[in-house]
Each structure stands twice: as structure tokens, then as C-alpha cells.
Amino acid sequence: MTAIDTDTLDNEARRARRFSRINKADAWFRVFGLSWLTPILKAAAGDNPRAQAGEIWRLLGVPLLAIAVFLMMWATLAPRVQTSLGAVPGPAQVWEQVGELRQDAIREGERAAAFYERQDARNADLIANGNADRVRERVYTGKPTYYDQIWTSIKTVFFGFLIASIVAIPLGIAAGLSVTANAALNPLIQIFKPVSPLAWLPIVTMIVSAVYTTNDGMFSKSFLISAITVTLCSLWPTLINTALGVSSIDKDLVSVSRVLKMNTYTKITKLVLPSALPLIFTGLRLSLGVGWMVLIAAEMLAQNPGLGKFVWDEFQNGSSQSLARIMVAVFTIGIIGFLLDRVMYALQSMFTFSNNR
């Protein structure tokens with residue numbers, strides 16, 4: 001074999017390895033909504049650039065064009081609509097408020113830093129003068145920033161979602177394995193699943209206020225009220241999908257478990273969960289999406305800290321920037337909802353066998 005033939009084979013082997021790595025990465029690109037990266041990498045690697053250009057246009061060009069058309073229509077039509085707060089803000093005004101909210105957060109951070117510096121200096125003087133018993137450590141209680149509101153909402157929805165999952169998955173497994181358990185749970189599911197969070201909220205508020213009487217506990221009352229409301233509204237998709245996944249397990253596998261005389265724990269961990277995981281994760285994704293929508297409504301109605309309260313406060317404020325700030329919050333809510341779904345989809349791809357592997 002000549003040196004030229006050897007070089008050609010080496011080049012082909014390297015090219016094959018590149019395409020193999022690209023194809024493996026494509027599964028994760030799809031998970032994170034970055035599937036348009038695959039044709040770009042393939043085109044760069046020399047795989048039929050003309051065909052890959054068509055894929056790039058379909059996966060990246062068309063969505064970007066749609067966004068551009070939306071922004072142009074928004075910018076054109078928004079000034080023509082007059083509200084009590086003035087004209088509907090266009091993209092430029094909304095983007096300006098993004099910067100303003102960031103500057104507000106920076107200024108609030110500087111005020112908090114100055115507060116703690118003064119407190120540390122005062123406490124140091126007290127200690128130096130022999131008055132250590134008068135030292136006090138206080139928490140800065142300034143106005144929460146927009147980023148604080150975002151973080152509060154994310155913590156709340158994950159806490160409520162976690163509680164819902166802990167409750168729903170075992171109940172779903174029981175309903176899928178036992179006809180009796182399914183008959184007992186089905187009426188409760190059908191009755192409570194359609195109930196609006198606005199109906200649950202006053203009940204939860206009264207119960208939490210009556211039971212959680214401490215003011216220095218691990219969680220604030222407002223946090224628990226919002227989180228429990230999320231739990232009550234978001235557990236149903238997980239419960240239903242878990243029960244469906246468990247009940248649809250191959251009957252031959254169930255027969256094998258009986259032949260092997262598996263105990264209940266082994267049957268659930270070795271047979272039921274691996275088989276039902278795809279539907280369980282589908283339920284978890286739906287529950288997290290429902291929980292995020294429910295949380296915003298609950299925060300608005302109960303005036304609990306979070307993005308919902310931010311929207312309501314801006315609506316009540318009625319300044320010339322309020323409508324633009326509300327629209328910033330709307331986009332933030334949508335983007336976070338998308339990212340939460342991608343996170344759950346990534347977990348689903350990690351723990352289940354699917355076409356994305």
C-alpha cells in the first residue's frame with residue numbers, strides 16, 4: 001500500500017470519528033434545543049454543505065426570521081394602542097427596562113454592601129470599647145430586586161414540585177399495581193384535578209396561618225402558602241402518568257416477577273420503575289410546567305414575594321415604565337418556563353432509554 005493510500009485511509013478514519021462524535025452530540029443538542037448546531041458542525045466537517053445549509057435554514061434561519069417578523073410587527077403596531085399608562089411599549093422600550101432593572105439591582109446591592117460595612121464597623125467599635133454584649137447582627141431589609149424576585153419564584157416552584165413528586169410517584173405506583181388502589185384514588189383525581197389555584201389559595205392560606213404559627217421558622221408563611229398551592233395543582237399529571245406507566249408494563253415481565261418470587265421492593269425497583277420511567281418523566285415535565293404557571297397566579301393573588309408580585313406591584317404602580325416592566329416579566333416567565341422544561345427533558349434523557357440516545 002502506498003503512502004498516499006495510507007494517508008487517505010487515515011483521513012477517512014478521522015472524518016468518520018468526527019461524524020460519530022457529531023452524531024453523539026446531536027442527541028444532547030436536541031435535548032437543550034440546540035439541534036441547529038448539528039448541521040453547522042457537519043457542514044464545517046465537509047458533509048454535503050448544500051444539504052446541511054438547507055437544514056441550517058430550517059432549524060435556525062426560519063425561527064430567527066419568525067422572531068424578526070414578530071418584533072417588526074410588535075414595533076409597528078404597539079405605538080398605535082393607547083392605554084391608561086400610555087402607548088403599549090415596543091421592543092426598544094422593553095429592552096430599555098431590562099437595563100433599568102439591572103441598574104436597580106446593582107444600586108440595591110451597593111446599598112446592602114454599605115449597610116453591612118456600617119454594621120461591621122459599628123460592631124468592631126463596640127467590641128474595641130468592651131461592649132461586646134451590645135453587638136447585633138441584622139439582615140438588610142431593603143426592597144428585593146428583580147433578580148431576587150426571580151430567585152424566590154424558582155425556589156418556590158422547585159420546593160412545591162418536589163413535594164408533589166414525593167406524594168404523586170408512590171401513589172401512582174400504587175394505583176398502577178393495584179386495581180383497588182386505583183379505584184380508591186380515581187374519584188379524588190377526577191374531583192381535585194380541575195380545581196383552579198385561585199380556589200386552593202384561600203384554603204391553603206387559612207390552614208398554613210393556623211398551623212404554622214411561628215415567625216422564626218425555616219420557611220416564611222408566604223413561601224409555604226405559594227409552595228403548597230403549587231403542590232396541590234401540579235401533582236396530578238405525575239400521578240396519572242405514573243399510574244399509566246406502571247399499569248402498562250409488559251404482563252410477561254409481571255409473570256416473571258411472580259415466578260422469581262420477587263418481594264414488593266425488588267419488584268418496584270428492578271421492574272416497575274425502569275419500565276415506567278419514560279411516562280413518569282413525562283408527568284414530571286407536565287407537573288413542573290403546571291406548577292410554574294400556578295405559582296405566578298398564586299403570587300399575584302396572595303401578594304407573596306416572587307415574579308407574580310412584581311407584575312402586580314408594577315400594575316398597581318401605574319408609572320410610565322410599568323407596562324414595559326410587566327412585559328419584561330412576561331418574557332422572563334416564558335424563558336424560565338422553557339428552561340425548566342429543558343432541564344427536565346435533559347434528566348429524562350439521562351435516566352431513560354429514548355430515541356435521543
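Residues numbered from 1 in each chain as written. Predicted model: local features only at pLDDT ≥ 70, side-chain atom pairs only at ≥ 80, totals over all residues. Heavy atoms only, no water.

Chemist: An account of the overall build of the chain is needed here, citing residue identities and associated values.
Modeler: Scanning the chain from terminus to terminus reveals 12 helices and two strands. In the chain, the succession of helices and strands from N to C terminus is α-α-α-β-β-α-α-α-α-α-α-α-α-α. Its C-alpha atoms put the chain at 85 × 60 × 60 Å along the principal axes. When burial is assessed residue by residue, the chain has 33% of its 357 residues classed as buried. (Helix = DSSP H or I, 4+ residues; strand = E, 2+ residues; numbered from the N terminus. Buried < 20%, exposed > 50% of the residue type's maximum accessible area, 1.4 Å probe, protein only.)

Chemist: Got a sec to walk through the confidence of the model for the chain? Specific residues and values, please.
Modeler: Per-residue pLDDT for the chain averages 85, and the proportion of residues at 70 or more is 93%. Of all helices and strands in the chain, the one with the weakest mean pLDDT is helix α1 (residues 3-31) (66), whereas helix α5 (residues 146-177) scores best (93). (pLDDT = per-residue confidence, 0-100.)

Chemist: Summarise the packing of helix α11 (residues 307-317) against helix α12 (residues 322-351); cite the residues concerned and give the values.
Modeler: In the contact formed by α11 and α12, the axes pass within 9 Å of each other and the chain directions differ by 165°. With respect to α12, the axis of α11 lies roughly antiparallel. Where α11 crosses over α12, the two elements pack in a sense that is left-handed. Touching L307, F310, V311, E314, F315 and N317 of α11 are S322, R325, I326, A329, T332, I333 and I336, all from α12. In terms of residue class, the contact of α11 with α12 is made up of eight nonpolar, three polar and two charged. (Axes fitted to C-alpha atoms, helices over the stretch in contact; angles between N-to-C directions. Parallel < 35°, antiparallel > 145°, perpendicular 65-115°, else oblique. Left-handed = near helix turned anticlockwise from the far one by under 90°. Contact = heavy atoms within 4.5 Å. Nonpolar A, V, L, I, M, F, W, Y, C, P; charged D, E, K, R; others polar.)

Chemist: Please set out the pattern of salt bridges residue by residue, giving values where relevant.
Modeler: Overall, the coordinates contain eight salt bridges when judged by the stated rule. A single salt-bridge network, built from bridges that share partners, covers D104, R107, E314 and R325. (Salt bridge = Lys/Arg side-chain N within 4 Å of Asp/Glu carboxyl O.)

Chemist: How would you explain the environment of F331 if you had to name every residue and give the values?
Modeler: Checked against the element boundaries, F331 lands in helix α12. Separated by 237 residues in the primary sequence, F331 and V94 place their C-alpha atoms 9.9 Å from one another. Not counting the four nearest positions on each side in its chain, F331 is found in contact with F70 and W74.

Chemist: Go over the side chain of T231, please, and point to the residues and values.
Modeler: Tracing the backbone shows T231 in helix α8 (residues 221-247). Look at T231 and you get buried, because its relative accessible area is 7%. Aside from chain neighbours lying at most four places away, what touches T231 is G160, I163 and A164.

Chemist: So, unusual backbone geometry: which residues are in play, and what are the values?
Modeler: Of note in the backbone geometry, Q303 takes a positive phi value of approximately 60° without being a glycine. If you trace the backbone, Q303 turns up in the loop between α10 (264-302) and α11. The partly exposed category is assigned to Q303, whose relative accessible area is 30%.

Chemist: Describe the environment of S35, listing the residues and the values that go with them.
Modeler: With respect to the helices, strands and loops of the structure, S35 is situated in the loop between α1 and α2 (37-44). The spatial distance from the C-alpha of S35 to the C-alpha of S319 is 42 Å, given a sequence separation of 284 residues. Excluding residues that lie within four positions of it along the chain, S35 makes contacts with D26, F29, R30 and L59.

Chemist: Provide a residue-level description of helix α4 (residues 91-128), including the pertinent values.
Modeler: Residue pairs spaced three or four apart in an α-helix point in one direction, given the helix's 3.6 residues per turn. With 38 residues, α4 ought to run about 56 Å at 1.5 Å a step, and its terminal C-alpha atoms sit 56 Å apart, in line with that. Where α4 is buried, its residues touch α3 (49-77), α5, α11 and α12. Immediately beyond the C-terminal end of α4, within one or two residues, lies G130, with a positive phi of roughly 80°. (Expected span 1.5 Å × (residues − 1).)

Chemist: I'd like a rundown of a positive patch on the surface, residues and numbers included.
Modeler: Judged by side-chain charge, R118, R122, R134, R136 and R138 come together as a positively charged surface patch. Mapped onto the secondary structure, R118 falls in helix α4. Classification of R118 by relative accessible area gives exposed; the value is 52%. (Patch = residues over 30% accessible without salt bridge, like charges linked within 9 Å, V, L, I, M, F, W, Y side chains within 5 Å. Areas by Shrake-Rupley, 256 points an atom, 1.4 Å probe, with all protein chains shown as cover. Lys, Arg positive; Asp, Glu negative; His and termini not counted. Charge placed at Lys NZ, Arg CZ, Asp CG, Glu CD.)

Chemist: Give a description of the side chain of R342 that names residues and reports values.
Modeler: By the secondary structure assignment, R342 is in helix α12. Those residues in contact with R342, other than ones at most four positions away along the chain, are R30, V31, F32, G33 and R285.

Chemist: An account of the packing of aromatic side chains is requested, with residue identities and associated values reported.
Modeler: Overall, the coordinates contain 11 aromatic pairs when judged by the stated rule. Here Y146 and Y147 contribute two aromatic rings whose centre-to-centre distance is 6.5 Å and whose plane-to-plane angle is 55°, an arrangement assigned as tilted. Since its relative accessible area comes to 43%, Y147 is described here as partly exposed. The rings of F70, W74 and F331 are connected pair by pair, giving a single aromatic cluster. (Phe/Tyr/Trp six-rings, centres within 6.5 Å; stacked < 30°, edge-to-face > 60°.)

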